[in-house]
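Structural features, examined
Residues per chain are reported as follows:
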Amino acid sequence: MNKTKWIGLNSLIAAALVTVVSGCGNTNNADNANNAPAASNSANGSSNTTANAPAADDNPYKEHMDISLSWWGIGVGFQQHDGLQQKIEKDFNVTLNPVDIGWDNYKEKNQVWSAAGQLPDIITNSIVNDNPATYNQWVSQGLVHALPEDLSAYPNVEKVAKAQDVQGVYRDGKLYAIPRMTYPNTDMWAIDRAIFVRKDWMDKLGMKDPQSFAEFDALMKAFADKDPDGNGKNDTTGIVMNTLGYFKAVFMPTFPQFENGSWVKEDGKWMPFYASKQMDQVITQARQLYADGGLDPDFAVEKAGEANQKFYQGKAGALALAANSVAGSNGIQAEWEKNNPGKKFYDNVKVLHLWPSADGTVYRHTTQSFWSETMINADVDDKKLERILRIYDWLLSPQGKEMFDYGIEGTDYTKDASGTITITRPKEGSAYADLKKEYPSMDIISQLAAWRNASSLEDSPVNRLALGDQYVDYIQNELKWQLDNAKPIPTAFDIFSMSTPAKDKLSSINFDEDFTRIVLGKDDPVAMLHDAQKGYDGKGLQAAIDEVTSEMAKQGK
């Protein structure tokens, strides 16, 4: 996920274990999930739940360990204590104690727990890039464990640690976090942004694909004003958004770096996008879209997902989300067709390809290959650190991927000597049963070490079986179009995780709040923007620009 928190799709193709052993002895259940971390005190293996521990003396997992683990919504996911969770716990001889965090408060919770010395053993966070000052503070205060310098015993973790855009996460030569990779490369982000439009409404209104922002604004205004659903009521709007991050794609032709929140070199200096002169045009266009009625009037107060319903229910003509959010039982296609009986999604909705920028280039989304990270509590001893790294190495392995793709071997699929896989789980209608229903922990466990977004984009037998030929063809065609026709946003990846004293303090700037305030405002939007920018100077903006420009100059950039 990116910062847009797209989580569920990957694990439609879910997971589990080779053998589910009864009498596991694990007492984990919903009662274990709580709002306070259950930091394990059993680093020396004092738990009673050792019934499944291998007996071999050389088994690295012979000593049982309790490991506390934070994740978004882990309480619900671990409530059933399904076969996948049992598999992990049995194979690695651990008890996973869930520690709940929410999307809206996880950073605050982690801060409170760090101050109280109550961080869980495995910490889910996103401060490496979002708040490098806090990351530096945690490192300097000894709150998080450095990974071993030699990671060769964990080759899959080592591969992540050696990724080019992870190098900025090191501090004094040590890595204090395992970045959660979204895609294996930055090109795969190409379809993580999409503007879905009602092509049946466009046909009815006689509107063509916009070739400029002005034409886009006119299209959205027509959706709002010209009764595209023909019900005689003024009850439709233009574009709605899953989150503001997706909506920014509209302005990619105007100012690409605004879309992915990166730094840009302007007049010989590197500066964050919100300090750029190019923001004048962005904010002007955004205000115009809102004032013309083409932008959902409730966009500033709706929670993530609420606005989507307007699109599904025929109340909006466009939706800003990810192209690969189409599939799944809660995906765009299913939700749209549920609300529009008798109509086929692909016949009535399409992805709107953006128009060229001023230099004639069509840009596509890209950003860092990871978002968020796993940290390990500094109080974890070496034995438990090794166990955690072994688990993470397996989660990142081909064996782990096979489990997440096909489920439990022997239960959900079989594999013959040639490696041919036959899915054996039951069907629900024409498709195989969703593994997430059988294993509610799938979304959590499969994404602990990596978001696995790439899995759902593959043209693979399991995707064709689980997600359908139409979805796979749609994704492949869209990805090909983007790679053939659009260029990735020019992005200084080095700066994302670069740490300088003044740059670290910029995390206190919340430009999205100012952007929303200005779009909703009545005064001149450019003047309001400039006032906001002047305010950022008091937070060290100019010093940060100088420091980053100096650091980039050392790299010849």
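This section reports on the structure supplied with the text. (Residues numbered from 1 in each chain as written. Predicted model: local features only at pLDDT ≥ 70, side-chain atom pairs only at ≥ 80, totals over all residues. Heavy atoms only, no water.)

**Quick word on the sheet that holds strand β10 (residues 349–351)**
- Here we have 4 strands laid out as an open sheet, ordered β6-β9-β5-β10, and mixed in their pairing. Across the chains shown, the open sheet's two edge strands, defined by having one partner strand only, are β6 (237–241) and β10. The mean angle between the axes of side-by-side strands here comes to 20°, regardless of whether they run parallel or antiparallel.
- Sheet analysis places strand β5 (residues 194–198) next to strand β9 (residues 316–321), joined by 4 bridges and oriented antiparallel. (Pairing = 2+ DSSP bridges. Helix = DSSP H or I, 4+ residues; strand = E, 2+ residues; numbered from the N terminus. Axes fitted to C-alpha atoms, helices over the stretch in contact; angles between N-to-C directions.)

**So, the pattern of salt bridges**
- Overall, the coordinates contain 30 salt bridges when judged by the stated rule.
- Residues Glu259 and Arg193 are paired through a salt bridge, measuring 3.3 Å at the closest nitrogen-oxygen approach. One end of the pair, Glu259, is in helix α9 (residues 256–260); the other, Arg193, is in the loop between β4 (178–181) and β5, and 66 residues separate them in sequence.
- Arg193 gets classed as buried once you look at its relative accessible area, which sits at 13%.
- Its salt-bridge partner being Asp512, residue Lys248 comes within 2.8 Å of it at the nearest N-O pair. Of this pair, Lys248 sits in the loop between α8 (244–247) and α9 while Asp512 sits in helix α22 (residues 511–520), and the two are 264 residues apart along the sequence. (Salt bridge = Lys/Arg side-chain N within 4 Å of Asp/Glu carboxyl O. Buried < 20%, exposed > 50% of the residue type's maximum accessible area, 1.4 Å probe, protein only.)

**Describing helix α10 (residues 279–291)**
- Over its 13 residues, α10 extends 18 Å from the first C-alpha to the last, a length consistent with the 18 Å expected when each residue adds 1.5 Å.
- Every buried residue of α10 is accounted for by Met279, Val282, Ile283, Gln285, Ala286, Arg287 and Leu289.
- Packing partners of the buried residues in α10 comprise α7 (213–225), β6, α8, α9, α22 and α23 (525–537).
- At the C-terminal side of α10, Gly293 shows a positive phi close to 85°. (Expected span 1.5 Å × (residues − 1). Contact = heavy atoms within 4.5 Å.)

**Digging into the pairing of strand β2 (residues 94–101)**
- Most of β2 is tucked away, with 8 of its 8 residues classed as buried.
- The alternating pattern of β2 places Val94, Leu96, Pro98 and Asp100 and Thr95, Asn97, Val99 and Ile101 on opposite faces, both of which are buried.
- For strand β1 (residues 65–72) and β2, the ladder comprises 8 bridges, and the chain directions are parallel. Paired with Leu69 across the two strands is Pro98, which belongs to β2.

**Re helix α14 (residues 382–395)**
- Over its 14 residues, α14 extends 20 Å from the first C-alpha to the last, a length consistent with the 20 Å expected when each residue adds 1.5 Å.
- Across the 14 residues that make up α14, a large majority, 10, are buried.
- Where α14 is concerned, the buried positions are Lys384, Leu385, Arg387, Ile388, Leu389, Ile391, Tyr392, Asp393, Trp394 and Leu395.

**Quick look at the nonpolar core**
- In this structure, Ile195, Phe196, Phe216, Ile239, Phe247, Tyr471 and Phe515 are the most contacted members of the largest nonpolar core, which totals 93 residues.
- Judged by nonpolar contacts, the second largest core, of 65 residues, contains Leu147, Val157, Leu389 and Ala449. (Core = buried A, V, L, I, M, F, W, Y, C linked by side-chain atoms within 4.5 Å.)

**Notes on the packing of aromatic side chains**
- For the coordinates displayed, the defined rule picks out 34 aromatic pairs.
- Between the aromatic rings of Trp71 and Trp451, the centroid separation amounts to 5.7 Å while the plane-to-plane angle is 50°, which identifies the pairing as tilted. Placement of the pair is Trp71 in strand β1 and Trp451 in the loop between α17 (442–445) and α18 (461–466), with a sequence separation of 380 residues. This pair shows no difference in class: Trp71 is buried, exactly as Trp451 is.
- Taking the centre distance of 5.4 Å and the plane angle of 85° together, the rings of Phe247 and Phe251 count as edge-to-face.
- With relative accessibility at 1%, the residue Phe247 sits in the buried group.
- Among the aromatic residues, ring-to-ring pairing joins Phe213, Phe216, Phe247, Phe251, Phe258, Phe273, Tyr274, Trp355, Phe511, Phe515 and Tyr536 into one connected group. (Phe/Tyr/Trp six-rings, centres within 6.5 Å; stacked < 30°, edge-to-face > 60°.)

Keep in mind these numbers describe shape, not what the thing actually does.
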